[in-house]
Amino acid sequence: PIPCVPCLLRLTDAFQYATQTFIPGDVGDKAQGQQVIWKETVQGIRSMGCRDTNDGQNCYKSTFTIDKSLNKDVTIEAVLQIQGQPLPIAQEVVDKMAVRKQDVSQSEVEGFKASYSDAPNFIEFGHDGYVPEAYTQQLLDVYLTTNYTTPTDFARSTSQFTISGKRSFAGEEDADYWVSCDHPSIMKPDEPFLIKSRVMRGTTPVNYANVVAKVTVSRADDPDGDILPHYFELKDDGSGDSGSGDETKNDGTYSTIVSPEDLQADDGFGISVMCNLLESSDAEWNNNNFYGKKKSLPTQASFTPYCCGTKDQKWNIPKSQDVTKLMRSSIASGAFLDPSIFVKGTDFGPLER
């Protein structure tokens, strides 16, 4: 059955479907300092040709680019594995690592040094300070040269690369952050429901951020909201309608396309949407992880202190009159679910203003 019209008013700000949220500059700078530039898992079986440009030695190769804004303390992490075998000892099987410019000269980027951790199959190849500007915005190759005992071991092995860099604010004026959260006012069966979030530092778009949307379905049989919400990663990958819905790669606008099937909203009549800028590139936002080591940013609904055992941050206290709520998450906004998504021949839309 179609829910009664008054029930629709239970949505938080049901007609508000575009919000913008303020984040203090020092908080944003700290959270966005280290960003993941590139991730790739390279298989040994697909890397046999790597030796052709590596003095005949077996190697893994991954191609990446260092953005000018992320050229400080660039770190390349590699995790090694062999299918069906114990974890390889990185210090024993890695001969060397190098970062080279992808051109005829194959000039090596100086300043990278290898280090190891307690995890036996982990190696870190880091560059202290700034990578020279001549190597930014250029195609670079990281080579990890191995000395596996047999060709079979190499063929069955993998190296998972994670490349990150620190954002440099040198020479820039202090600026606060703004996070927007936009979406249509109604989810229709024949139109994509596109959630978009723009992350800005002053007037500068912020690339490589970790943005997640929380979507909660309003249901007549769940008035207290006991059914858990859904979480969707927003991407700035330029994949268009065939992917995330994002139009331009690395422009500071993050997008995702959500369908009724994604929400399991067969008995729903509305949704609320909240976009969240996470503290780190590998943080996750879910219902159980606020007290984890890698936290998402506090959500507006609970007004949770910034960290357990601390006092509320002044900017984390909601204002009620003529002031934008100073929260890291966006203000929750609402949208209706067109019942024709679920029942043919039904024509029911939002209330008139």
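The structure displayed is predicted, hence computed values, not measured ones. (Residues numbered from 1 in each chain as written. Predicted model: local features only at pLDDT ≥ 70, side-chain atom pairs only at ≥ 80, totals over all residues. Heavy atoms only, no water.)

K.L.:
Please clarify how the state of the cysteines should be interpreted in this entry.
P.N.:
Linking two cysteines covalently through their sulfur atoms gives a disulfide. Within the structure shown, the criterion is met by 2 disulfides. Between the sulfur of cysteine 50 and that of cysteine 59 lies a disulfide, 1.8 Å long from S to S. Disulfide cysteine 50-cysteine 59: the torsion about the S-S bond is -110°, which places it as left-handed. Here cysteine 50 matches cysteine 59 in class, with each residue buried. In this model cysteine 181 forms its disulfide with cysteine 275; the gap between the sulfur atoms is 2.0 Å. Judged by the sign of its S-S torsion, about 60°, the cystine formed by cysteine 181 and cysteine 275 is right-handed. Taken together, the residues cysteine 181 in strand β10 (residues 177-182) and cysteine 275 in strand β17 (residues 268-277) connect sequence positions 94 residues apart. We classify cysteine 275 as buried; its relative accessible area is 0%. Taking only the cysteines that form disulfides and numbering them from first to last, the protein has the pattern 1-2, 3-4. (Disulfide = S-S within 2.5 Å. Buried < 20%, exposed > 50% of the residue type's maximum accessible area, 1.4 Å probe, protein only. Helix = DSSP H or I, 4+ residues; strand = E, 2+ residues; numbered from the N terminus.)

K.L.:
Which parts of the structure should I look at to understand the packing of aromatic side chains?
P.N.:
A ring pair, where both rings are aromatic, is described by two values, the distance of the centres and the angle of the planes. Tallied over the entire structure, the rule returns 3 aromatic pairs. The interplanar angle of 35° and the centroid separation of 5.3 Å between the aromatic rings of tyrosine 60 and phenylalanine 154 together place this pair among those described as tilted. Placement of the pair is tyrosine 60 in strand β3 (residues 59-64) and phenylalanine 154 in helix α3 (residues 151-155), with a sequence separation of 94 residues. Just as tyrosine 60 is buried, phenylalanine 154 falls in that class too. Ring centres 5.3 Å apart and planes at 20° place the aromatic pair phenylalanine 112 and phenylalanine 125 in the stacked group. In this pair, phenylalanine 112 is assigned in strand β6 (residues 112-116) and phenylalanine 125 in strand β7 (residues 122-127), connecting sequence segments 13 residues apart. (Phe/Tyr/Trp six-rings, centres within 6.5 Å; stacked < 30°, edge-to-face > 60°.)

K.L.:
What should I look at first to understand the sheet that holds strand β2 (residues 34-43) in this one?
P.N.:
Backbone-to-backbone hydrogen bonds pair the strands of a sheet. The strands run either parallel or antiparallel. Spatially, 5 strands are ordered β2-β9-β4-β7-β6 in an open sheet, and the strand pairing comes out antiparallel. Every other strand in the sheet has two partners, leaving β2 and β6 as the edge strands with one partner each. Strand after strand, the sheet turns through a mean of 20° between neighbouring axes, direction not considered. Judged from the 5 bridges that link them, strand β4 (residues 72-82) and β7 form a sheet pairing that is antiparallel. Considered in β7, the bridge of valine 79 is made with phenylalanine 122. (Pairing = 2+ DSSP bridges. Axes fitted to C-alpha atoms, helices over the stretch in contact; angles between N-to-C directions.)

K.L.:
What should I look at first to understand the pattern of salt bridges in this one?
P.N.:
When charged atoms on two side chains of opposite charge get close, those side chains can pair. Going through the model one piece at a time under the given rule, you end up with 2 salt bridges. Residues lysine 166 and aspartate 73 are paired through a salt bridge, measuring 3.5 Å at the closest nitrogen-oxygen approach. One end of the pair, lysine 166, is in strand β9 (residues 157-166); the other, aspartate 73, is in strand β4, and 93 residues separate them in sequence. On the basis of relative accessible area, lysine 166 is assigned to the partly exposed category, the value being 34%. (Salt bridge = Lys/Arg side-chain N within 4 Å of Asp/Glu carboxyl O.)

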